[in-house]
Amino acid sequence: MDATAVFEAQRARLFGIAYRMLGSAAEAEDVVQDAYLRWRQAVGVREPAAWLAAVVTNLSLNRLTSARARRERYVGQWLPEPVATADGALGPLDTAERRDSVSLALLVLLERLTPAERAVFVLREAFAYRHAEIAGVLGLTVSNCRQLHRRARLRLADHRPATARADDGALFERFLAAAQEGDVAGLERLLADDVVSWADGGGKVGAARRPVLGANRVARYLIGSLDKFGAATEVTFAEVNGDTALLGWVDGTLSGLLAPQISDGRVVALRLLANPDKLTFLAGQLSR
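Residues numbered from 1 in each chain as written. Predicted model: local features only at pLDDT ≥ 70, side-chain atom pairs only at ≥ 80, totals over all residues. Heavy atoms only, no water.

Re the overall build of the chain
Phase 1 of the analysis: A tally of helices and strands in the chain yields 12 helices and 6 strands.
Phase 2 of the analysis: Taken against the 2.2 N^0.38 rule, which gives 19 Å for 288 residues, the C-alpha radius of gyration of the chain at 20 Å falls within 12% of a compact globule.
Phase 3 of the analysis: Across its three principal axes, the chain shows a C-alpha extent of roughly 65 × 40 × 40 Å.
Phase 4 of the analysis: Here the analysis covers contacts within the chain between residues at least 6 apart in sequence; of these, 67% occur between residues at least 24 apart.
Phase 5 of the analysis: When the 36 basic and 34 acidic side-chain charges of the chain are each reduced to a single mean position, those positions are 7 Å apart. (Helix = DSSP H or I, 4+ residues; strand = E, 2+ residues; numbered from the N terminus. Rg over C-alpha atoms; globule rule 2.2 N^0.38 Å. Contact = heavy atoms within 4.5 Å. Lys, Arg positive; Asp, Glu negative; His and termini not counted. Charge placed at Lys NZ, Arg CZ, Asp CG, Glu CD.)

So, in structure tokens, the structure goes:
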């Protein structure tokens, strides 16, 4: 295989590493491109997969500090950039653990971690790297990597993974129907009592800048948000970040994404993305 073919065989995995590290598809693409340029100049690489993974991880670490500084100045609530995953864009998601590793819920919580903790957690949990392998990638000791992994898991102890059930599809249909019909009581019955809604408009689109708490408030907020778009909105379903999401289209343009997080047959969290900059990558994927 020539150099380009070797790299392309690793592209999805490299993009998956960078995206989990950064929470941004656009930045992950930039990292992968930088890695490709370095790969073209590399000589005598015996294990391309390991070498490329190390390069992408360290390039992502270099970007994390500036990315976090930008997020501190972000208008309203920051949510990760969504990615369609049905085509394997983030690598195989064949287990519940791998799907959870790209969930919007977990990616938000990963912002709690230090860059080193995040790198260790991503490589260990999402890609099953051994601690010795991670130590080689990051230039740390095995003992240090174990400690970083333990600290990361403790910081994420309150993570609430989605639990898929056979009737989740029917719940989505009822959820959408109740929201579109303005049925507050019907929507409340599908929401957990302590449900929380987060919205990311980036200061460019009207969206709640603080979390909305409680079933009644979330139901009314969601119905009001859908009313803003009016009858011109077409709603479709797609697999986004390993789970089902609702996509809102106005005149053929992707205008919003709603990602309900379901656990034990009820919606425990909602994440709404309306910042047009955050929807560009996903729209491009779907157009292809």
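After that view of the structure, there is still more to cover.
What about the nonpolar core?
Phase 1 of the analysis: Among the nonpolar cores identified, the biggest contains 51 residues, and Phe7, Met21 and Leu110 are the most heavily contacted of them.
Phase 2 of the analysis: Those elements that provide at least two residues to this core are helix 1 (3-22), helix 2 (25-41), helix 3 (48-72), helix 5 (104-109), helix 6 (115-126), helix 7 (131-138) and helix 8 (142-155).
Phase 3 of the analysis: Sorting elements by how many residues they give to this core places helix 1 first, with 9 residues.
Phase 4 of the analysis: In terms of nonpolar packing, the next biggest core, distinct from the first, is built from 26 residues, Phe175, Ala178, Val267 and Leu272 among them. (Core = buried A, V, L, I, M, F, W, Y, C linked by side-chain atoms within 4.5 Å. Buried < 20%, exposed > 50% of the residue type's maximum accessible area, 1.4 Å probe, protein only.)

Structural notes on the pairing of strand 5 (residues 253-263)
Phase 1 of the analysis: Along strand 5, 10 of the 11 residues are buried, which leaves the element largely enclosed by surrounding structure.
Phase 2 of the analysis: Direction of pairing for strand 4 (residues 243-250) relative to strand 5: antiparallel, over a ladder of 5 bridges. Paired with Leu247 across the strands is Leu257, a residue of strand 5.
Phase 3 of the analysis: What sits between the antiparallel neighbours strand 4 and strand 5 is a turn of 2 residues, in which Asp251 has the positive phi angle 55°.
Phase 4 of the analysis: Two strands pair when backbone bridges link them, and strand 5 and strand 6 (residues 266-273) are joined in this way by 7 bridges, in the antiparallel orientation. Bridging across to strand 6, Ile262 finds its partner in Val267.
Phase 5 of the analysis: From the end of strand 5 to the start of strand 6, which pair antiparallel, there are 2 residues, and Asp264 there has a positive phi angle of about 55°. (Pairing = 2+ DSSP bridges.)

Thoughts on the environment of Asp277
Phase 1 of the analysis: Within the secondary structure, Asp277 sits in helix 12 (residues 276-287).
Phase 2 of the analysis: Under the relative-accessibility criterion, Asp277 is labelled partly exposed at 45%.
Phase 3 of the analysis: Taking the C-alpha atoms as reference points, Asp277 and Ala26, separated by 251 residues in sequence, lie 9.8 Å from one another.
Phase 4 of the analysis: Beyond its immediate chain neighbours, meaning those up to four positions away, Asp277 contacts Glu81 and Lys204.

Side note on the pattern of salt bridges
Phase 1 of the analysis: Applying the stated rule across the entire model yields 15 salt bridges.
Phase 2 of the analysis: Arg151 is the salt-bridge partner of Glu117, the closest N and O atoms lying 3.0 Å from each other. One end of the pair, Glu117, is in helix 6; the other, Arg151, is in helix 8, and 34 residues separate them in sequence.
Phase 3 of the analysis: Its salt-bridge partner being Arg153, residue Glu125 comes within 2.9 Å of it at the nearest N-O pair. (Salt bridge = Lys/Arg side-chain N within 4 Å of Asp/Glu carboxyl O.)

A look at the pairing of strand 1 (residues 191-200)
Phase 1 of the analysis: Extensive coverage of strand 1 is indicated by the burial of 7 of its 10 residues.
Phase 2 of the analysis: Where strand 1 lies against strand 2 (residues 212-213), 2 bridges are found, and the strand directions are antiparallel. Paired with Val196 across the strands is Leu213, a residue of strand 2.

Quick word on the confidence of the model for the chain
Phase 1 of the analysis: Here the chain shows a mean pLDDT of 91. Residues at 70 or above account for 96%.
Phase 2 of the analysis: Averaged pLDDT values for the elements of the chain fall to 86 in helix 11 (residues 215-229) and rise to 97 in helix 8. (pLDDT = per-residue confidence, 0-100.)

Details of the packing of helix 6 against helix 8
Phase 1 of the analysis: Contact pair helix 6 / helix 8: the axes reach a minimum separation of 8 Å and the direction vectors enclose 90°. By the angle between their axes, helix 6 is roughly perpendicular relative to helix 8. Where helix 6 abuts helix 8, its residues Ala116, Glu117, Val120, Phe121, Arg124 and Glu125 lie against Cys145, Leu148, His149, Arg151, Ala152, Arg153 and Arg155.
Phase 2 of the analysis: Looking at the contact of helix 6 with helix 8 residue by residue, the classes come out as 6 nonpolar, 1 polar and 6 charged. (Axes fitted to C-alpha atoms, helices over the stretch in contact; angles between N-to-C directions. Parallel < 35°, antiparallel > 145°, perpendicular 65-115°, else oblique. Nonpolar A, V, L, I, M, F, W, Y, C, P; charged D, E, K, R; others polar.)

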